[in-house]
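Residue strings, one per chain:
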Amino acid sequence: MNIGFVVTTLGRIAPLRALLTSLADQLRPGDHVVLVAQGAQEDVAALAAEFAANGVPVTATTSGRGASLGRNTGVAALPEGDAVVTFPNDNTTYPPGTVRALHAAVDDAGFLAGGFTSWDERGPKTTLPAPGTPLDKYNVWSVIEMGILIRRSLFDAVGGFDEDLGPGSVTPWQVAEGTDLLLRAMAHDRRLLSEFRWLPADVHVDGISTGFGLSSAERRRKLRAYGRGTGRAFAAHDYPLWWRVAFTGAGLLYGIRNPKPITLADGWPMFLGRLEGTLGRTFGQARMVSTTR
């Protein structure tokens, strides 16, 4: 099965160059990369043309702002035919052998969807269940967007990403677009509950943490936005009330449970964001961030 790598970017050329360089010698015939530029469009197009001239199967297109809109646009821009799509950030890189490991998972006519993990400068971002574990509405949260593998036909059948969710969207719900996608896919095709492929822990991509390079104020603004999106997804997908209450309250502990640059004081904006998402209303700052992760 071919793999389509769909990358939404505001035009950060140096990280994009590192991403394409990491993929250049790993892609198999039929694989394809789409760069969706939401800023610096000419520079992104020039970068794609440079790598394409050297044999890397990459094209560039453009879209309006919003990570979900960009990913949907990128999937539509892939060559015709079914494939498995994945969604690296523009600051993602693929360690040697990663694409081979992804193909080992998806080169199966029955493949529907799967997940693998990502690392940042501090180590693994999430811990995935062991291969063979059934997918459910709780462990689905361990897969973040850059670790999603989903068959294009299934992606199209559920309508792709909800463009009202995720970084840069026009709503306050600035995260959880990937989880929402998988939850809708689970409802659409119940086979996913037993056939979801959890890849081994050593298969991962590299990136940066949520707070990397941000000031304290910027980081807390971003955490509040992300808390909002997660809380909204819990409410929208009918999670038990006790779960939502516990999850919202646990936001206060966010600064304790996460390593630097997260601090104790970061628990408050995370709690407040989760509360806003759970209630479906905001207390000021209706639009929080407009960047991809």
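Residues numbered from 1 in each chain as written. Predicted model: local features only at pLDDT ≥ 70, side-chain atom pairs only at ≥ 80, totals over all residues. Heavy atoms only, no water.

A. View of unusual backbone geometry. Phi is positive for Ala-40, close to 50°, though the residue is something other than glycine. Even without a glycine there, the phi angle at Asp-238 is positive, about 55°. By secondary structure assignment, the location of Asp-238 is in the loop between α8 (216-236) and α9 (241-250). Of the residues examined, Asp-238 reaches a relative accessible area of 62% and is grouped as exposed. (Helix = DSSP H or I, 4+ residues; strand = E, 2+ residues; numbered from the N terminus. Buried < 20%, exposed > 50% of the residue type's maximum accessible area, 1.4 Å probe, protein only.)

B. A look at the pairing of strand β2 (residues 32-37). When you tally the buried positions in β2, you get six out of six residues, the bulk of the element. Every second residue of β2 is oriented toward a common face, with His-32, Val-34 and Val-36 on one face and Val-33, Leu-35 and Ala-37 on the other, all of them buried. Bridge count between strand β1 (residues 3-9) and β2: six bridges; the pairing is parallel. Residue pairing in the sheet places Val-7 in a bridge with Leu-35 of β2. (Pairing = 2+ DSSP bridges.)

C. Examining the pattern of salt bridges more closely. One pass over the structure, following the stated rule, counts 13 salt bridges. With a shortest N-O distance of 2.7 Å, Arg-191 and Asp-189 are connected by a salt bridge. Of the residues examined, Asp-189 reaches a relative accessible area of 13% and is grouped as buried. Arg-220 is the salt-bridge partner of Asp-266, the closest N and O atoms lying 2.6 Å from each other. Of the two residues, Asp-266 sits in the loop between α10 (254-257) and α11 (267-279) while Arg-220 sits in helix α8, which places them 46 residues apart along the sequence. Residue classification places Asp-266 among the buried residues on the basis of a relative accessible area of 0%. Residue class for Arg-220 comes out partly exposed when judged on its relative accessible area of 28%. Counted as one network, the salt bridges with shared partners bring together Arg-219, Arg-220 and Asp-266. (Salt bridge = Lys/Arg side-chain N within 4 Å of Asp/Glu carboxyl O.)

D. Just the sheet that holds strand β6 (residues 117-120), in detail. Spatial strand order, β7-β6-β10: three strands in an open sheet with mixed pairing. Only two strands of the sheet have a single neighbouring strand rather than two, namely β7 (123-124) and β10 (204-206). Here two bridges tie β6 to β7, and the two strands are oriented antiparallel to one another. Counterpart to Trp-119 in the pairing with β7 is Pro-124.

E. Expanded view of the sheet that holds strand β5 (residues 113-115). Read across the sheet, seven strands follow the order β3-β2-β1-β4-β8-β5-β9 without closing on themselves; strand pairing throughout is mixed. Of all strands in the sheet, those bounded by a partner on one side alone are β3 (58-62) and β9 (197-198). Judged from the three bridges that link them, β5 and strand β8 (residues 148-151) form a sheet pairing that is antiparallel. In the strand pairing of β8, Gly-114 is matched with Leu-149. Each of β1, β2, β3 and β4 (84-86) touches helix α3 (residues 67-77); the most contacted strand, β1, lies at about 145° to it. (Contact = heavy atoms within 4.5 Å. Axes fitted to C-alpha atoms, helices over the stretch in contact; angles between N-to-C directions.)

F. Examining the packing of aromatic side chains more closely. Under the definition given, this model contains 14 aromatic pairs. Considering the side-chain rings of Phe-5 and Tyr-94, the 5.5 Å spacing of their centres and the 90° angle between planes classify their relative orientation as edge-to-face. Of the two residues, Phe-5 sits in strand β1 while Tyr-94 sits in the loop between β4 and α4 (98-106), which places them 89 residues apart along the sequence. The burial state of Phe-5 is the same as that of Tyr-94; both residues are buried. Seen from the ring of Tyr-239, Lys-137 lies directly overhead, with NZ or CZ sitting 4.5 Å from the centre. (Phe/Tyr/Trp six-rings, centres within 6.5 Å; stacked < 30°, edge-to-face > 60°. Lys NZ or Arg CZ within 6 Å of the ring centre and 35° of its normal.)

G. Representation of the side chain of His-237. By the secondary structure assignment, His-237 is in the loop between α8 and α9. For His-237, the side chain forms a polar contact with the side chain of Asp-180, separated by 2.7 Å. Setting aside residues up to four positions removed in sequence, His-237 forms contacts with Lys-137, Asp-180, Leu-183 and Arg-184. (Polar contact = N/O pair within 3.5 Å; in protein donor to acceptor, adjacent residues only side chain to side chain.)

H. Main features of the packing of α8 against α9. Their axes nearest at 10 Å, the elements α8 and α9 cross at an angle of 175°. Looking at the two axes, α8 sits roughly antiparallel to α9. Contact residues: Thr-230, Gly-231, Phe-234 and Ala-235 in α8; Trp-243, Arg-244 and Phe-247 in α9. In terms of residue class, the contact of α8 with α9 is built from four nonpolar, two polar and one charged. (Parallel < 35°, antiparallel > 145°, perpendicular 65-115°, else oblique. Nonpolar A, V, L, I, M, F, W, Y, C, P; charged D, E, K, R; others polar.)

I. Main features of the packing of helix α1 (residues 13-24) against helix α2 (residues 41-53). The interhelical angle for the contact between α1 and α2, taken along N-to-C directions, is 25°, at an axis separation of 11 Å. As summarised for this structure, α1 and α2 are arranged roughly parallel, according to the angle between their axes. Between α1 and α2 lies a crossing of right-handed hand. In this structure, α1 uses Ile-13, Leu-16, Arg-17, Leu-20 and Thr-21 to contact α2, whose residues at the interface are Asp-43, Val-44, Leu-47, Glu-50 and Phe-51. A per-class count over the contact of α1 with α2 returns six nonpolar, one polar and three charged. (Left-handed = near helix turned anticlockwise from the far one by under 90°.)

These results come straight from atomic positions and should not be treated as a statement about function.
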